[in-house]
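# Report on the structure
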Amino acid sequence: MKVFISLLAIVALVSCEVYFKEDFQDADWEKRWVKSTHDADKLGEWKWTAGKLGDPEIGKGIQTSQDAKFYAISSKFDKSVSNEGKDLVVQLQVRHEQKIDCGGGYLKLFPSTLKLEDLNGESSYNIMFGPDICGYSTKKVHVIFNYKGKNLLTKKTIPCKDDEISNVYTLVLRPDNTYEVYINLEKKESGTLEEDWDFLAPKKIKDPQAKKPEDWDDKEKIDDPNDKKPEDWDKPQHIPDPAAKKPDDWDEDIDGEWEAPMIDNPDYKGEWSPKQIDNPNYKGQWVHPEIDNPDYDSDDKLYLYKDIGAVGIDIWQVKSGTIFDNFYMR
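Across its full length, the protein carries three helices and 22 strands. Whereas a compact globule of 330 residues would reach a radius of gyration of roughly 20 Å, the protein reaches 33 Å, over 25% beyond that. Taken over the C-alpha atoms alone, the protein extends approximately 95 × 65 × 35 Å along its principal axes. Every one of the 330 residues in the protein was classed for burial, and the buried ones make up 42%. Sequence separation of at least 24 residues holds for 73% of the intrachain contacts in the protein that already meet a minimum separation of 6. Accessible area for the protein stands at about 18,900 Å²; split by element, carbon and sulfur atoms hold 48% of it.

A few words on the pairing of strand β4 (residues 61-64). Pairing of strand β3 (residues 46-49) with β4, which is carried by four bridges, proceeds in the antiparallel orientation. Considered in β4, the bridge of Trp48 is made with Ile62.

What follows covers a nonpolar patch on the surface. A cluster of nonpolar side chains, contributed by Phe70, Trp316 and Val318, occupies part of the molecular surface with about 240 Å² of accessible area. Examined against the element boundaries, Val318 turns out to sit in the loop between β21 (308-317) and β22 (322-329). On the basis of relative accessibility, which here comes to 33%, the residue Val318 falls in the partly exposed class.

Neither face of strand β8 (residues 107-110) is open: one carries Leu107 and Leu109, the other Lys108 and Phe110, and all of them are buried. One ladder, built from three bridges, connects β8 with strand β9 (residues 127-134); its direction is antiparallel. Across the sheet, the residue bridging to Leu109 is Ile127, located in β9.

In this section: the layout of surface pockets. Space inside the largest pocket adds up to approximately 270 Å³. Looking at the largest pocket, it is lined by 18 residues, and the ones nearest its centre are Phe70, Asn120, Gly121, Asp314 and Ile315. Going through the elements one at a time, β5 (69-81), β7 (102-104) and β21 are the ones with two or more residues in the lining of the largest pocket. Counted by class, the lining of the largest pocket contains eight nonpolar, five polar and five charged residues.

Counted by the stated rule, this structure contains one disulfide. Put simply, Cys102 and Cys134 are joined by a disulfide, and their sulfur atoms are 2.1 Å apart. Taking the sign of the S-S torsion, about -85° here, the bridge from Cys102 to Cys134 comes out left-handed. Taken as a pair, Cys102 in strand β7 and Cys134 in strand β9 lie far apart in primary sequence, 32 residues in all.

In this fold, Arg95 is placed in strand β6 (residues 88-96). As for Arg95 and Gln63, which are separated by 32 residues in sequence, their C-alpha atoms are 9.1 Å apart. Ignoring any residue separated from it by four or fewer positions in sequence, one finds Arg95 in contact with Ala50, Gly51, Leu53, Gly54, Glu164, Ile165, Ser166, Gly321, Thr322 and Ile323. Separated by 2.9 Å, the side chains of Arg95 and Ser166 make a polar contact.

Another aspect to go through is the pattern of salt bridges. Opposite charge on two side chains permits pairing when their charged atoms draw close. Tallied over the entire structure, the rule returns 20 salt bridges. One salt bridge connects Arg174 with Asp87, and the closest N-O pair in it is separated by 2.5 Å. Taken together, the positions of Arg174 in the loop between β12 (166-173) and β13 (178-183) and Asp87 in the loop between β5 and β6 put the pair 87 residues apart, joining distant regions of the chain. Since its relative accessible area comes to 21%, Asp87 is described here as partly exposed. Through salt bridges that share partners, Glu22, Asp26 and Arg32 make up one connected network.

The rules we used
Residues numbered from 1 in each chain as written. Predicted model: local features only at pLDDT ≥ 70, side-chain atom pairs only at ≥ 80, totals over all residues. Heavy atoms only, no water. Helix = DSSP H or I, 4+ residues; strand = E, 2+ residues; numbered from the N terminus. Rg over C-alpha atoms; globule rule 2.2 N^0.38 Å. Buried < 20%, exposed > 50% of the residue type's maximum accessible area, 1.4 Å probe, protein only. Contact = heavy atoms within 4.5 Å. Areas by Shrake-Rupley, 256 points an atom, 1.4 Å probe, with all protein chains shown as cover. Pairing = 2+ DSSP bridges. Patch = residues over 30% accessible without salt bridge, like charges linked within 9 Å, V, L, I, M, F, W, Y side chains within 5 Å. Salt bridge = Lys/Arg side-chain N within 4 Å of Asp/Glu carboxyl O. 1 Å grid on protein atoms, 1.4 Å probe; cavity = no way out; pocket = protein on both sides within 12 Å on 5 of 7 lines; lining within 4 Å. Points joined across faces, edges and corners; volume = space filled by probe spheres on them. Nonpolar A, V, L, I, M, F, W, Y, C, P; charged D, E, K, R; others polar. Disulfide = S-S within 2.5 Å. Polar contact = N/O pair within 3.5 Å; in protein donor to acceptor, adjacent residues only side chain to side chain.

The structure is reproduced here in structure tokens:
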């Protein structure tokens, strides 16, 4: 399944520049992609295949082939590009044929300075995007942005697909500092960068000079001072069973003094507590007043990457078999 045309449903492609496109249709893909040699003994091998479900003529991609291995492979753009003032679209197709239990299915966009043969988990990247699955607890789409040297994870949880068919993941990053995430052309999440990531310090902070008044009463209910415990309230929780009889063959010299077994007391009422009434002095929950944060510094270019020059896969997989295909950036 070739899906580049699917972007027409998301963004207008008139006069747009395609930065990178890869459909792995020919055997020369290995000339365009470089396998990392960093810690080579820990890296798994890639297979060029359509897999079990793909069309062998037009459906090939690259597949992880060894269990419990790291995978690191990357390719350069024809030139370094910037998304300044433009929408950036990032798309990839992922198929977990192996019914993946734990492993990544995401890509990373890198600066043009990336040394492809040394790609590893510590390589600095601009954007990380795509599905990640591990057990039942982690099944999400990563959208991670590097900002001033820090990798920022989204505050939102975007569920990913965990089936065994091809799924297309698309990220749209816009110059108004908004974003959209699509799976199979269906919008799954959107919003603003400032609200959904911790790019900036908060606009407001709690006033460090403000203190809750000592006489502030935030108890909504209080004990009724007129409510008194009934005189007959206190009863033991357990009592001797009145129906129990000492066995005829009980020998106190041998068995000791006989005691009836204990049973729950039907008259036991539990611990007494007074009724609750509205507190006449209740002032509500105290809210800490906020002030403008002196450390807040707005940035209208959170979206901006001035140097995007490579795309790569840098993942770990417990069970191999994932096929990557149809990389597209514009």
